[in-house]
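Each chain is listed here by its residues.
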Amino acid sequence: MKERRVLVVEDERTIAESVAARLRAEGFAVDIAADGPSAVEQFRSGQPDLVVLDVMLPGFDGLEVCRRIQADRPVPVLMLTARDDETDLLVGLAVGADDYLTKPFSMRELAARVHVLLRRVERAAAPVPPAIRLGDIEINEAERRVRRAGADVHLTPTEFDLLVHLAGRPRTVLPRERLLADVWGWADGSGTRTVDSHVKALRRKLGSDLIRTVHGVGYALEVPA
């Protein structure tokens, strides 16, 4: 099996080396970049399978790095942020990040999330059913493409997986904890804000009425009449 490669983009040397050491111990090949321009350069030359990306970087920030690398080639991105700020999280998701961790974080959790993101990429290569239609929205799982009123809608890999999961159970209320387990592969239910942020991103891109909130429980996808 081909060795998986991870690009760690972090300007704090101690954090970068700690992350790299843990990921190497997990069996990954790891490259490190310490600023925005070198991150984009190493992404293009190294062709990593996943990027661990700090938001605050010299040169240009992690959000701009994410925009540029996703424009080159879709790749899972785990963003690191020093602030638990919803605006930062939503912007990160909008430019193509799949998940985020707020500093300080445990290396065990980071490694677990990296494995989950890569497993989702592997599942995406499996045989898929025909396209799903929800009013003027068409979800093509084979192409991992979504169209609304005939126009392509760009979704991150995680947004796409969440939409497909909800669409497979229309009108069924799915608790946040179950979504975390089924879509993200998390068992502890500690990242419910991740679900909320991705739902907000889907509403912004596909319409505010598509996903219904059941307060204190979770979300349900509404099927247009």
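Scroll up for the structure.
Let me begin by describing the structure that accompanies this report.

Criteria and thresholds
Residues numbered from 1 in each chain as written. Predicted model: local features only at pLDDT ≥ 70, side-chain atom pairs only at ≥ 80, totals over all residues. Heavy atoms only, no water. Helix = DSSP H or I, 4+ residues; strand = E, 2+ residues; numbered from the N terminus. 1 Å grid on protein atoms, 1.4 Å probe; cavity = no way out; pocket = protein on both sides within 12 Å on 5 of 7 lines; lining within 4 Å. Points joined across faces, edges and corners; volume = space filled by probe spheres on them. Axes fitted to C-alpha atoms, helices over the stretch in contact; angles between N-to-C directions. Parallel < 35°, antiparallel > 145°, perpendicular 65-115°, else oblique. Contact = heavy atoms within 4.5 Å. Nonpolar A, V, L, I, M, F, W, Y, C, P; charged D, E, K, R; others polar.

1. Things to note about unusual backbone geometry
Cis geometry marks the peptide bond from Lys 103 to Pro 104, where omega comes out at -5°. Topologically, Pro 104 is positioned in the loop between β5 (99–102) and α5 (107–124). With a phi angle near 50°, Gln 47 is a residue other than glycine that sits in the positive phi range. With respect to the secondary-structure elements, Gln 47 resides in the loop between α2 (36–46) and β3 (50–54). Not every positive phi belongs to a glycine, and Arg 171 is a case in point at roughly 65°. Tracing the backbone through its elements, the reader meets Arg 171 in the loop between α6 (157–167) and β10 (174–175).

2. Digging into the layout of surface pockets
Estimated volume of the largest pocket: approximately 520 Å³. Listing elements by their share of the lining of the largest pocket, those giving two or more residues are α5, β8 (145–148), β9 (151–153) and α6.

3. Section: the packing of α6 against helix α8 (residues 192–206)
Interhelical geometry of α6 versus α8 gives an angle of 85° and a closest axis separation of 10 Å. It follows from the interaxial angle that α6 and α8 lie roughly perpendicular. Facing α6, whose interface residues are Thr 158, Glu 159, Leu 162 and Leu 163, α8 presents His 198, Val 199, Ala 201, Leu 202, Lys 205 and Leu 206. Each residue belonging to the contact of α6 with α8 can be placed in one class, and the counts come to 6 nonpolar, 2 polar and 2 charged.

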